[in-house]
Protein chains: 2
Amino acid sequence: MIVCKFGGTSVANAEQIRKVANIIKSNPARKIIAVSAPGKRFGDDIKVTDMLIELADAALNNGDVTKKLQAVVNRFKEIAEDLGLDNSICEVIAKDLQERIAYDKTNEFIFIDNIKASGEDNNAKLIAEYFTSIGMPAKYVSPKDGLVLNDFPERTYALAESYENLKNLGSGDEIVVFPGFFGYTKEGILRTFDRGGSDITGSILAASVKADLYENFTDVDCVFSANPKVVNDPVGISEITYREMRELSYSGFSVFHDEALMPVYKLSIPVNVKNTNNPSAPGTKILPTRTLTGRPVTGISADNGFSILYVSKYLMNREIGFGRKLLQIIEEEQISYEHTPSGLDDISVIIRSNQLTEEKEQRIVTRVKEELHADDVYFRHGISMIVIVGEGMRNNTGLAARAAAAISRTGANIEMINQGSSEVSLVFGVLSQTENQILRALYDEFFAPITVG
Amino acid sequence: MIVCKFGGTSVANAEQIRKVANIIKSNPARKIIAVSAPGKRFGDDIKVTDMLIELADAALNNGDVTKKLQAVVNRFKEIAEDLGLDNSICEVIAKDLQERIAYDKTNEFIFIDNIKASGEDNNAKLIAEYFTSIGMPAKYVSPKDGLVLNDFPERTYALAESYENLKNLGSGDEIVVFPGFFGYTKEGILRTFDRGGSDITGSILAASVKADLYENFTDVDCVFSANPKVVNDPVGISEITYREMRELSYSGFSVFHDEALMPVYKLSIPVNVKNTNNPSAPGTKILPTRTLTGRPVTGISADNGFSILYVSKYLMNREIGFGRKLLQIIEEEQISYEHTPSGLDDISVIIRSNQLTEEKEQRIVTRVKEELHADDVYFRHGISMIVIVGEGMRNNTGLAARAAAAISRTGANIEMINQGSSEVSLVFGVLSQTENQILRALYDEFFAPITVG
């Protein structure tokens, strides 16, 4: 069985939904689809989810609820009419929205979530109706029927019982259309996943039914080896391992939300990223393992917005527990860190700057000086991380040298190098103003077509 | 004022002690000397300290104490006679040893320490007597008069009051001869520093009197830029910073015991490593800061005997506290670590293998799997660390590339790269069987004379 997920642009209008129908029809193994809310149809279009956030805001702040609600209904109405459906589905959607608006507003967060999630929920109903209308029997299944989430205030995740509840999904004759993005707690409270959460829903469904394949339909032909906004026409990736995909999760590789792959990863279910607008393209396969090609590097990702906490202390390396105590101080500020490169008497902690405030920095510096008696403690900002990833790097002796040489040819300085023993990745810390230049230089080094010299 | 320390080979016999006298005589600022026990006079000679350990062993295990004691006395007697001293000093030494042998044997450790330390103690007495005999008024000062140490079972260190007690040392007309290697607790128990501890004594004395210079006399002309046992005829280092010296403290740079520089470092007192056998050679100066020369690298050190603990877990980087918990488990086994290179979902901990046992490894692997729910945890052994050090590396963009390229030309693989934000050092982890080959390749890369191509 194949579980498919269709993102916002794949279900943005009637034309797109017809493409989805054709994709499902072309392979009978595609029995379950998770769908997003209608996304953008053109560059400056408004996503239904954003319209719903405006609606919720109007309901909470005495805005023009009627007008905003009608705008959402009209958007679905246009799709329904273009798909040749009668008005009954739009009445269902309008009634559903009115019920949500009338919902208890004591907890604004829950109220907003409830309205936001209606985009996916109603789109799933509409798509199921359309499939049935064209002779593809389909049924809408609500997350109420099995997708059980944990309670507040923890980050949202599916409880283990969900996988048991949903294991027979798709065993009937009908195609299952399941809304992405949300589920319910045991008490019946609706909770949403983080943005991009339809990917998680698809992944949970694929894991529940132990699918042979999880197809993730989006609007690009494949995952690129580098950010196309920086590198001109980067090579597409045909196969990539879970591990490589994870290591590349810095920007330019935001095809998947961080946690979305977890359920399928645990069962080694292969994932295929495909293009709804070009379904015959092979797309990018994400696999537990892959055959190595001649190219050692699979992708290069980069991200800015990092800071470095630098700590030095004479004889630091003789002190059992120094590093642990330092990390404890950082943990007590509820800060996660990326890397901790070290010399004999110094250690640096690489942190995402958005977790820092001037107050937190001051507290950390003071505590490290006073509690750990460090000689020197300070923060540096404006750092970018560049990650070179490839399963083929492991046995490639000259790779680090090639990477460092490519960077040095740009004239940029390397602030940090970190190569773990896994050798699937090589991380460079650089000044953010040199990031794009370095990304291009590294891409040229590892992906440029070989010219005969 | 200058404080001098003379190591074991510098005071091994009469000829060497005459050299010491000439060195002291040539500069009136040399008012305080810390001395070791007589060391080896030739390749397979026995150090006095080792003779004393044998003596202690004989005393504790019903061995031939008389014979072993006489051997030690004879060694001093030979020196005294060659220096033209009468027999009285030898009687002092013999009596001192007999008293030590008669000491309470309840605590064997304290008993052995007491005997071991007599080598330095009696040599200081002998040297003071000799200096005086040749018209250089000198006095032996016992560590009892001020060098106060902490109590057991902590590692030995000097209490802050020692620096106050000893601050007027050398203010008289006489040259002070102070035995290295030991001091006394407040209760009057003799404790020794770790081996190489005469360096610490000299450093403490230099800090106490706020010396202008701490001269450390040994038997080499200078500190070398790489281990001369591996690299053929390495360049000598004329100036090096404290920080560089510390980063180079892996093998091949064992001129100083780890903690020996701490007291002088704190007061920024310059250190000069010099050769007793060639005192006109400028030696190596260890300074708080130095003028940068054209050469970015100051030295390269290497050491084997490291292991890597490898831990991977999907979504590790999302877990606040993962690294800290891992280090806590390692700390609870009383293990210190060198570096923790990391990818997004994996972290490696570099540990000196001599801290590990099969049991400890098993416990760590089990705990990391069970408590941290890691996907994969294992140890790898036979790893060497190679450290390239230089204050001039900071602004040298191509250096990491040159180093990595030099390593890759040997055909060896790089298991780990770690460059902290201090940029004074660059660390490579490699398989131990490739260590020497890589050290030579790196030396050639950074120290070979520039040839015109």
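Residues numbered from 1 in each chain as written. Chains lettered and ligands numbered in written order. Predicted model: local features only at pLDDT ≥ 70, side-chain atom pairs only at ≥ 80, totals over all residues. Heavy atoms only, no water.

1. Observations concerning the interface of chain B and chain A
Going by this rule: The contact criterion used throughout is that any non-hydrogen atoms of two residues lie within 4.5 Å. Accessible area that two parts lose when put together, evaluated with a 1.4 Å probe and summed over both, is termed the buried area. The working definition used for a salt bridge is a side-chain nitrogen of Lys or Arg within 4 Å of a carboxyl oxygen of Asp or Glu. In the analysis that follows, any N or O atom pair within 3.5 Å is treated as a polar contact, provided that within protein one partner can donate a hydrogen and the other can accept it, and provided that, for residues neighboring in sequence, both atoms belong to side chains.
With 65 residues of chain B at the contact, the number on the chain A side is 65 residues. It is Arg246(B), Tyr314(B) and Leu344(B) in chain B that bury the most area against chain A; as a group they hold 13% of the surface buried on that side. Taken together, the connections running from chain B to chain A amount to four salt bridges. Among the ionic pairs, Glu331(B) bridges to Arg324(A), the shortest N-O distance being 2.6 Å. Summed over the shared surface of chain B and chain A, the number is 17 residue pairs in polar contact (both at pLDDT 80 or more).

2. Here we look at the relation of the copies chain B and chain A
In this arrangement, two copies of a chain are superimposed by a rotation about an axis accompanied by a shift along the axis. Condition: Fitting of the copies onto one another was done by least squares over C-alpha atoms, counting residues only where both copies have pLDDT of at least 70.
Of the transformation placing chain B onto chain A, the axial shift is 0.1 Å and the rotation is 180 degrees, giving an RMSD of 0.1 Å. Taken together, these values place the two copies in the relation of a two-fold axis. Interface residue correspondence from chain B to chain A reaches 100%, placing this contact among same-surface, isologous pairings.

3. Notes on the packing of aromatic side chains
Aromatic rings considered in pairs are described by the distance between their centres and by the relative angle of their planes. We apply this condition: Side-chain rings of Phe, Tyr and Trp, where Trp is taken by its six-membered ring, are said to pair if the distance between their centres is within 6.5 Å; with planes under 30 degrees apart they count as stacked, over 60 as edge-to-face, and otherwise as tilted. Each helix is a run of DSSP H or I of at least 4 residues and each strand a run of E of at least 2, with the numbering of both proceeding from the N terminus. Partly exposed describes any residue whose relative accessible area lies between the buried limit of under 20% and the exposed limit of over 50%, with all areas from a 1.4 Å probe on protein chains only and scaled to the type maximum. In our convention, an over-ring charge means Lys NZ or Arg CZ found within 6 Å of a ring centre and within 35 degrees of that ring's normal.
Under the counting rule described, the total for this entry stands at 16 aromatic pairs over all chains. Between Phe109(B) and Phe152(B) the ring centres are 6.1 Å apart and the planes differ by 80 degrees, which places this aromatic pair in the edge-to-face class. Placement of the pair is Phe109(B) in helix H5 (residues 108-116) and Phe152(B) in the loop between strand S4 (148-149) and helix H7 (160-165), with a sequence separation of 43 residues. On the accessibility criterion, Phe109(B) (53% relative accessible area) is exposed. Geometrically, the ring pair formed by Phe182(B) and Tyr184(B) is edge-to-face, given 5.9 Å between the ring centres and 80 degrees between the ring planes. Each of the two residues, Phe182(B) as well as Tyr184(B), counts as buried. Three or more aromatic residues joined by ring pairs make a cluster, and in this case those are Tyr242(A), Tyr265(A) and Tyr314(B). Of note, Arg191(B) hangs over the ring of Phe152(B), and the distance from its end group to the ring centre comes to 4.1 Å.

4. Describing the pattern of salt bridges
Residue and element names in this part refer to chain A. The full count for this structure, using the stated rule, is 51 salt bridges over all chains. Close ionic contact of Asp121 with Arg100 constitutes a salt bridge, the shortest N to O distance being 2.9 Å. Highlighted residues: Asp121 in helix H6 (residues 118-133) and Arg100 in helix H4 (residues 88-101), separated in sequence by 21 residues. Asp113 serves as the salt-bridge partner of Lys116, at 3.7 Å between the closest nitrogen and oxygen. With Lys116 and Asp113 both in helix H5 (residues 108-116) and three residues apart, the pair spans about one turn of that helix. Each of Arg41, Asp45, Arg75 and Glu78 takes part in a single network of salt bridges with overlapping partners.

5. A word on helix H1 (residues 14-25) of chain B
Here is the rule: Multiplying one less than the number of residues by 1.5 Å gives the expected span of a helix.
Compared with an ideal rise of 1.5 Å per residue, which puts 12 residues at 16 Å, H1(B) spans 16 Å between its outermost C-alpha atoms and is within 8% of the ideal. Residues Ala14(B), Gln16(B), Ile17(B), Val20(B), Ala21(B), Ile23(B) and Ile24(B) constitute the buried set of H1(B).

6. Examining the environment of Gln70(A)
Residues and elements named next belong to chain A. With respect to the element layout, Gln70 can be found in helix H3 (residues 65-82). Looking at Gln70, the relative accessible area reads 38%, which means it is partly exposed. The spatial distance from the C-alpha of Gln70 to the C-alpha of Lys40 is 18 Å, given a sequence separation of 30 residues.

7. A short note on the domain arrangement of chain A
Put simply, the rule reads: Where each domain starts and ends comes from a domain assignment, either automatic or drawn from a database.
One can read the domain layout of chain A as domain 1 (2-220 + 255-260) and domain 2 (299-447). For domain 1 of chain A and domain 2 of chain A, the distance between their C-alpha centroids amounts to 40 Å.

8. Brief notes about the sheet that holds strand S7 (residues 190-192) of chain A
All names here are of chain A. Test applied: For two strands to count as paired, DSSP must find a minimum of two bridges between them.
Across the sheet, three strands lie side by side as S4-S6-S7; this open sheet has mixed pairing. In this open sheet, the two edge strands, each paired with only one partner strand, are strand S4 (148-149) and S7. Where S4 meets strand S6 (residues 182-185), two bridges bridge the pair, whose relative direction is parallel. Note on S6: the bridge partner recorded for Leu149 is Thr185.

9. Notes on the packing of helix H13 (residues 399-409) of chain B against helix H14 (residues 435-447) of chain B
All names here are of chain B. The line we're drawing: Lines are fitted to the C-alpha atoms to define the axes, a helix being fitted only along its stretch in contact, and any angle between axes, read from their N-to-C directions, falls within 0 to 180 degrees. The scheme is simple: roughly parallel for angles under 35 degrees, roughly antiparallel for over 145, roughly perpendicular for 65 to 115, oblique for anything else. Whether a crossing is left-handed or right-handed is set by the direction in which the near helix is turned from the far one by less than a right angle, anticlockwise for left-handed and clockwise for right-handed. Polarity classes work like this: nonpolar for Ala, Val, Leu, Ile, Met, Phe, Trp, Tyr, Cys and Pro, charged for Asp, Glu, Lys and Arg, and polar for all others, with Gly in that last group.
Contact geometry for H13 and H14: axes closest at 9 Å, N-to-C directions at 135 degrees. In terms of orientation, H13 lies oblique with respect to H14. Here the hand of the crossing between H13 and H14 comes out right-handed. Across from Leu399, Arg402, Ala403, Ala406, Ile407 and Arg409 in H13, the residues of H14 making contact are Ile438, Ala441, Leu442, Glu445 and Phe446. Grouping the amino acids of the contact of H13 with H14 by side-chain chemistry returns eight nonpolar, no polar and three charged.

10. A short note on the UniProt feature "binding site: substrate" (unreviewed entry) in chain A
Residue and element names in this part refer to chain A. Stated formally: UniProt positions are given in the numbering used here, feature names are shortened, and annotations may be inferred rather than shown by experiment.
Listed under "binding site: substrate" (unreviewed entry) in the UniProt record, and renumbered for this structure, are Thr49 and Glu120. Of the residues just listed, which span 72 residues, no C-alpha pair is farther apart than 8.4 Å, and they cluster in one region. Counting through the fold element by element, Thr49 comes out in helix H2 (residues 48-60). Assessed through its relative accessible area of 10%, Thr49 is described here as buried. Other than its neighbours up to four places away in sequence, Glu120 contacts Val35, Ser36, Ala37, Thr49, Pro179, Gly180, Phe181, Phe182 and Ser198.

11. Some thoughts on the pairing of strand S5 (residues 175-179) of chain A
Residues and elements named next belong to chain A. Judged by how many residues are buried, S5 sits mostly within the fold: five of five residues are covered. The two faces of S5 match: Ile175, Val177 and Pro179 on one face and Val176 and Phe178 on the other face are all buried. Pairing geometry for strand S2 (residues 30-35) and S5, over four bridges, is parallel. Bridge pairing in S5 links Ile33 to Val177. Of the strand pairs in this sheet, strand S3 (residues 138-140) and S5 are connected by three bridges, and their pairing is parallel. Bridged to Ala138 within S5 is Ile175.

12. Focus on the side chain of Ser10(A)
Following the sequence through the fold, Ser10(A) ends up in the loop between strand S1 (2-6) and helix H1 (14-25). Residue contacts for Ser10(A): discarding those within four places in its chain leaves Gln16(A), Ile17(A), Val20(A), Phe217(A), Thr218(A) and Thr276(A).

13. Overview of the environment of Ala207(B)
All names here are of chain B. Structurally, the position occupied by Ala207 is in helix H8 (residues 197-208). A sequence separation of 204 residues divides Ala207 from Val3, and the C-alpha atoms of the two residues are 9.2 Å apart. Beyond its immediate sequence surroundings of up to four residues, Ala207 is in contact with Tyr163, Pro263, Leu267 and Ile269.

14. Observations concerning empty space enclosed by the protein
Condition: With a 1 Å grid spanning the protein atoms alone, the term cavity applies to any set of points in which a 1.4 Å probe fits but cannot get out, the term pocket to an open set with protein on both sides within 12 Å along at least five of seven lines, and the term lining residue to any residue with an atom within 4 Å of a point. Grid points are joined across faces, edges and corners, and a volume is the space filled by probe spheres set on the points.
With the rule as written, the count across this model stands at 12 cavities of 30 Å³ or more. Of the voids in this model, the largest cavity is the one considered here, and its volume is about 200 Å³. Along the walls of the largest cavity sit 20 residues, with Met316(A), Asn317(A), Phe322(A), Gly323(A) and Tyr337(B) positioned nearest its centre. Of all the elements in the fold, those that place two or more residues in the lining of the largest cavity are helix H11 (322-332) and strand S16 (346-352) of chain A together with helix H11 (322-332) and strand S15 (337-339) of chain B. Of the residues in the lining of the largest cavity, the class split is nine nonpolar, six polar and five charged. Roughly 160 Å³ of volume is contained in the second largest cavity. Looking at the second largest cavity, it is lined by 15 residues, and the ones nearest its centre are Tyr337(A), Glu338(A), Met316(B), Asn317(B) and Gly323(B). Counting residues per element, the ones that place at least two in the lining of the second largest cavity are strand S15 (337-339) of chain A together with H11 and strand S16 (346-352) of chain B. Looking at the lining of the second largest cavity, its residues break down into six nonpolar, six polar and three charged.

15. Some points on the environment of Pro228(A)
With respect to the helices and strands, Pro228(A) occurs in the loop between strand S9 (223-224) and strand S10 (236-237). In sequence terms Pro228(A) and Val271(A) are 43 residues apart; their C-alpha atoms lie 22 Å from each other.

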